[in-house]
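Observations on the three-dimensional arrangement
As a plain string of letters, each chain reads:
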Amino acid sequence: MREERSDMSEDDDGGGEEKDSWAPGLGVAGKSRGAPDPLPPPLCDQVLENVIENVLQFLSSRRDRNAASLVCRSWYRAEAQTRRELFIGNCYAVSPRRAIDRFRCVRSLVLKGKPRFADFGLVPVGWGAHFSPWASAMAAGYPWLEKICLKRMSVTDDDLSLLALSFPFFKGLTLICCDGFSTAGLAVFAEKCRHLRLLDLIEDYFEEEEYEVVDWISKFPQTTTSLETLGFDCLLSAVNFEALEALIARSPALRQLRVNHHVTVDQLRRLMVLAPQLTHLGTGSFRSPEEGEGMEHEAHLVSAFAASRSLVSLSGFREVAPQFLPAIYPVCSNITFLNFSFAEITAEELKPVIRHCHNLQNFWVLDTVRDEGLQAVAATCKDLRELRVFPLDATEDSEGFVSDVGLTAISDGCRKLQSILYFCQRMTNKAVLTMSKNCQELVVFRLCIMGRHLPDHHTGEPMDEGFGAIVMNCKKLTRLAVSGLLTDKAFGYIGKYGKSIRTLSVAFAGNSDMGLRYVLEGCPKLQKLEIRDSPFGDAALLSGIHHYYNMRFLWMSSCKLSHRGCEDVARRLPHLVVEVIRDRPEADDEAVEKLYMYRSLVGRRNDAPPFVKIL
Amino acid sequence: MEDVKGSDGLGDTELRLGLPGTSTATRSAKRALPEGDEESHDELRRTSATKAQVVGWPPIRSYRKNSFPARKVEAEAEAAAGLYVKVSMDGAPFLRKIDLSVYKGYKELREGLDNMFKCFSFGELSRREGGSGSEYAITYEDKDGDLMLVGDVPWEMFISSCKRLRIMKGSEARGLESRH
């Protein structure tokens, strides 16, 4: 499950299903894609095609499949017939109709909607990414569909109902950062989807009033279920616990269970006893509402964990009472993923736990553990691949509990590190440089110095050299997020050395158009570029004309763009959808507050709200 | 009508945090220009403690922000710092929402409302004609739930207590006619 999750966040592939060879000169027509062949191929070719189909069905990587589809028409058809998983990185880049016309036998759909900055409130409500048109089209075109994974889409209760009723073989639904649905929709879905194996709700938005909440857990079939994964840790409302307990009891195939913060530690223990075969557990609140009954609870909890011999992933700990933490010791040496990012624990509380976690590969934690806690991680977790350090106080003036010291410790101890997300208030070029040298496996480097424009804490210099070292030394780097005081020089480094970079996030950085130009001219693999509050203007925007068809999207907000510049781009690149988003409908400035542009095979969308102007 | 000196003639009494001479430019950080290339570092450090929070920075999902009980209060305060309030106009079929924090004062607010509701002939400002056309008053609901006339208190005080706006027309508005 975590594999799938990181897959979603790290754009691991170039191009979607049809876009590998966009070249401005050739345009779409020159690629013999789009409408299927009017005449069937001759018999000998059909035999050959069958052979190819049999071979191609073993290809799973979509990048390989995209390449195969370009060989010739025969391979194109064969590949289209055998593609089982369809990945669409931007729901507006292609229409449901086109997708269904080309790929006839899809069993699994992955669909992404809003730009990532929507997570931080930069995209007004109602912008789009509605799942409904896709739901209806899929219902008609893919009756044998089994799995759907949506990220940042608006999904209604009606959509959920349609899914449950339209797909008799439906097995799995994953919703990540989606909104628009409620427990009422979940109830219909649970009830109608008789062979469901997976329902995973990850960081979705719920806006129900308390009186609107429906007891959806009770709606699952009363017979033995096929459930393997059930995750609802983001659900705001409590579920019917007795019904949940009964559901777990009749779900022998259950391997992953993630409950929300309403589930107490005692309730958790009861669930664990019913499902000792779990591999992934979201532990809910991990506290007991009653004080003073501690000792007995703790002993039972320890034995519940001791009996769960298959656990490899732990999360939850939403309101963790530290006295219950020792209960997880029996499983620590087996776990590879530990999510403490909602647990307000200190270094002292972390140390006895982390000491046991020799096999930890993915660790998410709150900065309350401080540099000292990170030092303990570095001392034990030699196999660590991914670290995320979140701030307890996510404001730019917050104190910040971790610093360059923690980063250096991690880089010294965890040489296999591939991915890091680090929120802090104090950082130095030296620490970043050290990490660039020690952690040669880095694929994802996201450093967020929360105070805007903060320089190197020791030298007072910009953070240019640190980030420069990262792009220079980490040859495998594909995703980068920069912060702190940065001049155009940093972007010069990125443009010069960041040849593998696919995703770049920029905020409050740079001095002039040159910064953006360096990146657009220097990074051939760039696909996703999101920029906010940086002084890049029209000239910089125009410098990327040669590259925009190769990208999934460009987001620029609070920069120095004007309508004229954006119109210029729109005019020169007809297959690019250029959206100007206005925060205040009354404003009609020449200045462009928010720009979101993306390539598309189907031109401007027809569901844009009034505050979106498509140039 | 409006005092030339300040947005609503009350500029001197306007409650603000920040050093004299610094503007509330930080509130408009989500508008066109960033600060970094204009202000020096030191000034940034000095004003950092008093800056209004920028939308969406640091980049943490609201799901996470709302997950910490102690922090939830702050997160809600932050959401309030975005200062979106509903605006209803008597007779209009639907409501609007505006972000009070983008306006610098009452004059801008009036203009914004004027623009927003002009399709409902709000633009026929009776105050200009001296009484012809429909009369209106801009009122708001404050923290205590009371209906108040917009314009009495200093701007900063107003935006911190305003929960929603209501544009009253016709007979209800008579006697509450705005002085500004």
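Residues numbered from 1 in each chain as written. Chains lettered and ligands numbered in written order. Predicted model: local features only at pLDDT ≥ 70, side-chain atom pairs only at ≥ 80, totals over all residues. Heavy atoms only, no water.

Here is the rule we go by: UniProt positions are given in the numbering used here, feature names are shortened, and annotations may be inferred rather than shown by experiment.
Chain B carries the name Auxin-responsive protein in an unreviewed UniProt entry, which gives Ensete ventricosum as its organism. The Sequence similarities (unreviewed entry) comment attached to chain B in UniProt states, word for word, "Belongs to the Aux/IAA family." Quoted verbatim from the Subunit (unreviewed entry) heading of the UniProt record, the comment on chain B is "Homodimers and heterodimers."

If you look chain A up in an unreviewed UniProt entry, it shows as F-box domain-containing protein from Ensete ventricosum. Check the Pathway (unreviewed entry) section of the UniProt entry for chain A; it says "Protein modification; protein ubiquitination."

**Comments concerning the packing of aromatic side chains**
Rules: Stacked, tilted and edge-to-face pairs are distinguished by plane angle, under 30 degrees for stacked and over 60 for edge-to-face with tilted covering the rest, among Phe, Tyr and Trp rings (Trp via its six-membered ring) whose centres lie within 6.5 Å. Secondary structure elements follow DSSP: runs of H or I of four or more residues count as helices, runs of E of two or more count as strands, with numbering from the N terminus. Think of it in three bands: residues with accessible area under 20% of the maximum for their type are buried, residues over 50% are exposed, and the middle band is partly exposed, with areas taken using a 1.4 Å probe on protein chains only. For a lysine, the NZ atom is tested; for an arginine, the CZ atom; a charge sits over a ring if that atom is within 6 Å of the ring centre and within 35 degrees of the ring normal.
Under the criterion given, the structure shown has 30 aromatic pairs over all chains. Each ring, one from phenylalanine 317 of chain A and one from phenylalanine 340 of chain A, has its centre 4.8 Å from the other, and the planes form 80°; the classification is edge-to-face. One end of the pair, phenylalanine 317 of chain A, is in the loop between strand E9 (313–315) and helix H12 (329–332); the other, phenylalanine 340 of chain A, is in strand E10 (residues 337–340), with 23 residues separating them in the sequence. The exposure class assigned to phenylalanine 317 of chain A is buried, which follows from its relative accessible area of 0%. The class for phenylalanine 340 of chain A is buried, based on a relative accessible area of 0%. Taken together, the ring pairs connect Tyr92, Phe117, Phe120, Trp127, Phe553, Trp555, Tyr596 and Tyr598 of chain A into an aromatic cluster. A cation over a ring is seen here: arginine 605 of chain A above tryptophan 127 of chain A, with NZ or CZ 4.4 Å from the ring centre. Looking at arginine 64 of chain B, its charged tip hangs above the ring of phenylalanine 342 of chain A, at a distance of 4.2 Å from the centre.

**Topic: the pattern of salt bridges**
All names here are of chain A. Formally: Salt bridges are defined by distance alone: a side-chain nitrogen of Lys or Arg within 4 Å of a carboxyl oxygen of Asp or Glu.
In the structure shown here, the tally under the stated rule is 30 salt bridges over all chains. Glutamate 521 is the partner of arginine 517 in a salt bridge, and the nearest nitrogen-oxygen pair spans 3.2 Å. Taken as a pair, arginine 517 and glutamate 521 lie in helix H19 (residues 513–522) at a separation of four residues, close to a single helical turn. Across the salt bridge formed by aspartate 568 and arginine 571, the nearest N and O atoms sit 3.3 Å from each other. Residue aspartate 568 and its partner arginine 571 are located together in helix H21 (residues 563–572), separated by three residues, close to a single helical turn. You can call aspartate 568 buried: its relative accessible area is 19%.

**Let's talk about helix H6 (residues 132–141) of chain A**
Residues three or four positions apart in an α-helix share a direction because the helix packs 3.6 residues into each turn. Stated formally: The contact criterion used throughout is that any non-hydrogen atoms of two residues lie within 4.5 Å.
Every buried residue of H6 of chain A is listed here: Trp134, Ala135, Ala137 and Met138 of chain A. In this structure, the buried side of H6 of chain A is in contact with strand E1 (85–88), helix H5 (96–102), strand E2 (108–112) and helix H7 (157–166) of chain A.

**Section: the environment of threonine 395 of chain A**
Residue and element names in this part refer to chain A. Position of threonine 395 relative to the elements: it lies in the loop between strand E12 (386–390) and helix H15 (404–413). Given the relative accessible area of 12%, threonine 395 is considered buried. Along the backbone, threonine 395 and glycine 451 are 56 residues apart, and their C-alpha atoms lie at a distance of 8.1 Å.

**Considering the sheet that holds strand E2 (residues 96–99) of chain B**
All names here are of chain B. Here is the rule: Strands are labelled as partners when DSSP assigns at least two bridges between them. The axes used here are C-alpha line fits, helices contributing only the stretch in contact, and every angle between their N-to-C directions lies in the interval 0 to 180 degrees.
Across the sheet, which stays open at both edges, the five strands sit in the order E2-E1-E5-E3-E4 with mixed pairing between neighbours. With one partner strand each, in any of the chains shown, E2 and strand E4 (147–149) form the two edges of the open sheet. Here the average twist between neighbouring strands, direction ignored, is 35°. Sheet analysis places strand E1 (residues 84–89) next to strand E5 (residues 164–169), joined by four bridges and oriented parallel. The residue of E5 that forms the bridge with methionine 89 is isoleucine 167. Taken strand by strand, helix H4 (residues 106–116) contacts E1, E2, strand E3 (136–141) and E5, and its axis lies near 150° from that of E2.

**Quick look at the confidence of the model for chain A**
Residue and element names in this part refer to chain A. As a reminder, the rule being used: pLDDT gives the predictor's per-residue confidence on a scale running from 0 to 100.
Looking at chain A as a whole, its pLDDT mean stands at 90, while 91% of the residues score no less than 70. The model gives residues 1–7 a pLDDT under 50, and that stretch makes 16 contacts with residues more than four places away or in other chains. Scored below 50 in pLDDT, residues 9–35 makes 71 contacts in the model with residues more than four places away or belonging to other chains.

**What about the UniProt feature "domain: Transport inhibitor response" (unreviewed entry) in chain A?**
When the UniProt feature table is mapped onto this chain numbering, "domain: Transport inhibitor response" (unreviewed entry) sits at residues 105–150 of chain A. As annotated, residues 105–150 of chain A has a helix share of 22% and a strand share of 20%, and its two end C-alpha atoms lie 19 Å apart.

**Some remarks on unusual backbone geometry**
Between tryptophan 57 of chain B and proline 58 of chain B the backbone carries a cis peptide bond, its omega angle lying at -5°. Mapped onto the elements, proline 58 of chain B comes out in the loop between helix H1 (41–48) and helix H2 (62–65). A positive phi angle, close to 60°, is found at arginine 370 of chain A, a residue other than glycine. Position of arginine 370 of chain A relative to the elements: it lies in helix H14 (residues 370–380). Looking at arginine 370 of chain A, the relative accessible area reads 41%, which means it is partly exposed. For phenylalanine 508 of chain A, which is not glycine, the phi torsion reads 50° and is therefore positive. If you trace the backbone, phenylalanine 508 of chain A turns up in the loop between strand E16 (503–507) and H19. A residue is classified by how much of its surface remains accessible, and phenylalanine 508 of chain A, at 4% relative accessible area, is buried.

**Points about the confidence of the model for chain B**
Residues and elements named next belong to chain B. Across chain B, the average pLDDT comes to 65, with 47% of residues at or above 70. Within chain B, the lowest mean pLDDT, 43, falls on H1, and the highest, 88, falls on H2. Taken as a whole, residues 1–9 scores under 50 in pLDDT and shows 15 contacts with residues more than four places along the chain or in a different chain. Contacts from residues 122–133, a stretch scored under 50 in pLDDT, to residues over four places away or in other chains number 21 contacts. Confidence estimates for the predicted assembly give a pTM of 0.78 and an ipTM of 0.86.

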